[in-house]
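As a plain string of letters, each chain reads:
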2 protein chains.
Amino acid sequence: MSERRPRVRVTLREVAEQAGVSMMTVSNVMNGNRARVSPGTIEKVQRIADELGYVPSASARSLATKASRLVGLLVPAADEDSLMISPHTMAIVGLIERELRKYGYHLLLRGVAHPDEVAEALRSWSLDGAILLGFLDEEVGNLTKKTIGAVHVVAIDSYSANRLTTGTRSDDFAGARLAARHLLDLGHRRILFAGPAFSGVGVVHERFEGFGQAFADAGIPHPELVETVNTTYAEGHELGLVLRERHDLTAVFATADILAVGIVHGLTEAGVRVPQDVSVVGFDDLDLCNYVTPKLTTVAQDITRKASTAVSILLDSIEKGERPKRPVTIDVSLVERESTAPVRN
Amino acid sequence: MSERRPRVRVTLREVAEQAGVSMMTVSNVMNGNRARVSPGTIEKVQRIADELGYVPSASARSLATKASRLVGLLVPAADEDSLMISPHTMAIVGLIERELRKYGYHLLLRGVAHPDEVAEALRSWSLDGAILLGFLDEEVGNLTKKTIGAVHVVAIDSYSANRLTTGTRSDDFAGARLAARHLLDLGHRRILFAGPAFSGVGVVHERFEGFGQAFADAGIPHPELVETVNTTYAEGHELGLVLRERHDLTAVFATADILAVGIVHGLTEAGVRVPQDVSVVGFDDLDLCNYVTPKLTTVAQDITRKASTAVSILLDSIEKGERPKRPVTIDVSLVERESTAPVRN
DNA sequence: GTGAAAGCGCTAACAT
DNA sequence: ATGTTAGCGCTTTCAC
């Protein structure tokens, strides 16, 4: 008379029937509500569940509880490109996954081609929360209560004033200031700022301001040496090739290591020696810095910290409804390697 | 008398009520079952849904249909580490996400610390499918119908005979053979194979066999020059430092670019010139190869192809129940750069 | 072309 | 300590 149980999926009901208890009891056991069930029953239910290979259905649970233990990681992505163009972004993705897993959350990784997709991505899976990585401040700023609904959101590297997305970022201002001061201390005066186009708010803007601040600190007039380039090796390389023809300079601060490495190589190919003729400082402290020649002096971001802090802000927000009023700034430091040297007389 | 609708979530029912039609009609409209609904109704329902900001609940749908349009990407991860240690792995993750999104699937990224977690990870979210990336052949081989249930699985870079996980991999044998032949053609004879420990099956084993094959092809006795090192820059560097003391060799084939770069640097620091004294060939063709000095000669894997093929195998399996009997092998090619040169007399 | 009923697997809120 | 009753939001029959 024993019913042939379906091979498809073991349900709570089946476990309950086999164990001769109610579904609720099994549910309580599975969820560790050990206070509500007698030790004997716990053991029995546990055993039967294991035997049957019971795995709870996340969708059913999520439908019933309106929570999912799912966090979305949203990354901008042109439709054609793979997402995560930068090594820096890639590294953070991995760190976030680990951190979330530690707390029993799962990660939904999602490339977002059009800003409108954010709302859909956020709500369709009833995400408990989401982390925005690498979006423009403007895009982050445009997020409203309406679009994100009940989802808790944290933005990484955003300077948007949006209260809904308060998150973490490195101290970009201090980092650039450190870099420029280092160069200034070495006697450099004609220093180029190389980075992507920027507006009045955002990571690059901060770095630009910090860069200028170092000059002000030293009471030195700020040379208006700026080159706008995308953050890629290729564009850096191209720039490096013509840099000496275009400007009379002795040092370069690039807003990213990749860019800096490209510049160094361009310079080298053009017959300009680094650091003897021109010093170069990057930003990020990718592994890459140690692999190139000369090893790159750079501003180190503590991405492990940045990622784990972002996650803990998010989880506090989800679980306790608390969140910092202001974004959390992660300290940076200068790592001196071989691409900088005193200016030549 | 108009009911205040909850701010929490717009449901199908609400849209139906507002539109004065049944839930089913709305459902049909939302799912593009346009044949079953009159044009006028379609337009009306669509408009109201947009106004209300309706977003379907993925959990509810998934619960009802037993499908989720969710694919898991499983990557091994020691509990302490971030996952995705290698740049190669990181790049593939991004490519897979893009490919899945193109077909309307979502990606659940999951680090797996203990093999047992695979089953749980696979089934709890009623994943339609999963991609295994970077697991040992042994772990892949151990997967049974019981543990993976109804989930379609594809393994990348696996040489396991497991029919349940048939996937894609680069032609590791041919790649190593290409590398060795290149070195042989340059006149090298004492060539070291540097890579991680391996058993009788798997990526590294294939590369080792391909390496040996090139010697056989040329009718040259195979020198038993092997060093076992983990695939990291640090271990490569360490090895490079002592290589010349330990072996009388003129060339090295490393099973990964990262490793090769470390070796080159170790060699250089020890006063051995690359490629004048020793030639080095890597494997993967990471961007990194172009950033180091000398630029690294290597075997290029077509990871874009590897990723997109893996996805299309998976989706065919999910949607049509068809899958290749044998793993799909992706062609590789040799990229000659600056780290190899003719052997010196 | 459209609707009503039933149920996917689970849990919250009450019973007992 | 354990069971019962109602849904969560959607889709799948099967009617009309």
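Here is what the cut-offs are and how they apply
Counting from 1, residues in each chain are numbered in the order their sequence is written. Here chains are named by letter from A upward and ligands by number from 1 upward, in the order in which they appear as written. In keeping with the predicted nature of the model, local features appear solely for residues at pLDDT of at least 70, side-chain atom pairs appear and are counted solely at 80 or more, and the whole-chain, interface and lining totals rest on all residues. Excluded from the side-chain calculation are hydrogens and water; included are all heavy atoms of the structure. Between any two strands, at least two bridges found by DSSP are needed for them to pair. Where helices and strands are cited, they refer to DSSP runs of H or I of at least four residues and of E of at least two residues respectively, numbered from the N terminus. Comment: axis = line fitted to C-alpha atoms, over the contacting stretch for helices; angle = value between 0 and 180 degrees taken between N-to-C directions. Categorising residues by exposure relies on relative accessible area from a 1.4 Å probe, with only protein chains included: less than 20% of the type maximum marks a residue as buried, more than 50% marks it as exposed, and the intermediate range marks it as partly exposed. We call two residues in contact whenever any of their non-hydrogen atoms come within 4.5 Å of each other. Only Phe, Tyr and Trp rings are paired, with Trp represented by its six-membered ring, and only when their centres lie within 6.5 Å; those with planes under 30 degrees apart are stacked, over 60 edge-to-face, the remainder tilted. As a reminder, the over-ring test applies to NZ of lysine and CZ of arginine, requiring each to be within 6 Å of the ring centre and within 35 degrees of the ring normal. By the definition adopted for this analysis, an angle is roughly parallel if under 35 degrees, roughly antiparallel if over 145, roughly perpendicular if from 65 to 115, and oblique otherwise. The classification used treats Ala, Val, Leu, Ile, Met, Phe, Trp, Tyr, Cys and Pro as nonpolar, Asp, Glu, Lys and Arg as charged, and all other residues, Gly among them, as polar. Here the copies were fitted onto each other by least squares, based on C-alpha atoms from residues at pLDDT of at least 70 in both. For this analysis, a polar contact is any N or O atom pair within 3.5 Å, provided that within protein one partner can donate a hydrogen and the other can accept it, and provided that sequence-adjacent residues contribute only side-chain to side-chain pairs. Expected helix span is taken as 1.5 Å per residue step, with the number of steps being one fewer than the number of residues. Note on convention: the crossing is left-handed when the near helix lies turned anticlockwise from the far helix by less than a right angle, right-handed when the turn is clockwise. Near, as used in this document, describes a residue that has one of its heavy atoms within 4 Å of the molecule or strand being considered.

Per an unreviewed UniProt entry, chain A goes by LacI family DNA-binding transcriptional regulator and derives from Amycolatopsis heterodermiae.

Draft legend 1. The sheet that holds strand 6 (residues 191–195) of chain A, seen in detail. All names here are of chain A. Within the open sheet, the six strands sit side by side as 7-6-8-9-10-12. Their pairing is mixed. Bordering the open sheet on either side are strand 7 (226–228) and strand 12 (332–335), each of which pairs with just one other strand. Neighbour-to-neighbour, the strand axes of the sheet open up by a mean angle of 20°, direction not taken into account. Direction of pairing for strand 8 (residues 251–254) relative to strand 9 (residues 279–284): parallel, over a ladder of three bridges. For Ala251, the partnering residue across the bridge sits in strand 9 and is Ser279.

Draft legend 2. Spatial organisation of the environment of Ser126(A). Mapping Ser126(A) onto the fold places it in the loop between helix 6 (117–124) and strand 3 (129–133). Ser126(A) sits in the buried class, given a relative accessible area of 16%. A sequence separation of 77 residues divides Ser126(A) from Val203(A), and the C-alpha atoms of the two residues are 30 Å apart. Ignoring sequence-local partners within four residues, the contact set of Ser126(A) consists of Ser62(A), Ser68(A), Arg9(B) and Ser59(B).

Draft legend 3. Highlighting unusual backbone geometry. Geometrically, the link from Thr293(A) to Pro294(A) is a cis peptide bond, its omega value of -5° lying close to zero. Topologically, Pro294(A) is positioned in the loop between helix 13 (288–291) and strand 10 (297–301). A positive phi is found at Arg69(A), a non-glycine position, where the angle reads about 50°. Assignment of secondary structure puts Arg69(A) in the loop between helix 4 (58–65) and strand 1 (70–76). The residue Lys66(B) is not glycine, and still its phi comes out positive at about 65°. Within the fold, Lys66(B) resides in the loop between helix 4 (58–65) and strand 1 (70–76).

Draft legend 4. Spotlight on the packing of aromatic side chains. Here the structure, examined in full by the defined rule, presents 19 aromatic pairs over all chains. Taking NZ or CZ as reference, Arg207(A) lies 3.6 Å from the ring centre of Phe283(A), over its face. When the ring centre of Tyr105(B) is taken as origin, the NZ or CZ atom of Arg69(B), which lies over that ring, is 4.3 Å away.

Draft legend 5. Region of interest: the packing of helix 1 (residues 12–19) of chain A against helix 2 (residues 23–30) of chain A. Residue and element names in this part refer to chain A. Two numbers describe how helix 1 lies on helix 2: the axes approach to 8 Å, and their chain directions differ by 110°. Between helix 1 and helix 2, the angle is such that the two are roughly perpendicular. Contacts between helix 1 and helix 2 involve Leu12, Arg13, Val15 and Ala16 from the former and Met23, Val26, Ser27 and Met30 from the latter. Tallied by class, the residues present in the contact of helix 1 with helix 2 amount to six nonpolar, one polar and one charged.

Draft legend 6. Layout of the relation of the copies chain A and chain B. For the match of chain A to chain B, the screw axis carries a shift of 0.0 Å, the RMSD comes to 0.1 Å, and the turn is 180°. Both chain copies can therefore be described as sitting about a two-fold axis. Looking at the interface residues of chain A, 100% of them are also at the interface in chain B, so both copies use one shared face.

Draft legend 7. Structural view of the side chain of Gln301(A). Residue and element names in this part refer to chain A. With respect to the helices and strands, Gln301 occurs in strand 10. Of the polar contacts made by the side chain of Gln301, one reaches the side chain of His88; its length is 3.4 Å. Reaching out from Gln301, the side chain makes a polar contact with the side chain of Ser170 at a distance of 2.6 Å. When neighbours within four sequence positions are excluded, Gln301 is seen to be in contact with His88, Ser170, Arg207, Phe283, Asp284, Asp285, Lys306 and Val332.

Draft legend 8. Summary view of helix 9 (residues 172–185) of chain B. When the terminal C-alpha atoms of helix 9 of chain B are compared, their 20 Å separation across 14 residues agrees well with the 20 Å that a helix rising 1.5 Å per residue should span. Immediately beyond the C-terminal end of helix 9 of chain B, within one or two residues, lies Gly187(B), with a positive phi of roughly 95°.

Draft legend 9. Broad picture of the packing of helix 5 (residues 87–102) of chain A against helix 14 (residues 303–320) of chain A. Residue and element names in this part refer to chain A. Taken N-terminus to C-terminus, the directions of helix 5 and helix 14 make an angle of 45°; their axes are 9 Å apart at the nearest point. Classified by the angle their axes make, helix 5 and helix 14 are oblique. By crossing handedness, the relation of helix 5 to helix 14 is classed as right-handed. Seen from helix 5, the contacting residues are His88, Ala91, Ile92, Leu95, Ile96, Arg98, Glu99 and Leu100; seen from helix 14, they are Ile303, Thr304, Lys306, Ala307, Ser308, Val311 and Leu315.

Draft legend 10. Expanded view of the protein's contact with DNA strand D. Near DNA strand D there are 25 residues, and of these Ser22(A), Leu12(B), Met24(B), Ser27(B) and Tyr54(B) occur at the shortest range. Across the atoms of DNA strand D situated within 4 Å of the protein, the share located in sugar and phosphate is 69%. One of the backbone nitrogen or oxygen atoms of Ser22(A) is found 2.6 Å away from a phosphate oxygen of DNA strand D. Take Lys66(A): an N or O atom from its side chain is 3.0 Å from a phosphate oxygen of DNA strand D. At the level of secondary structure, the elements contributing two or more residues to the surface near DNA strand D comprise helix 2 and helix 4 of chain A together with helix 2 (23–30) and helix 4 of chain B. At four residues, helix 4 of chain B tops the list of elements feeding residues into the surface near DNA strand D.

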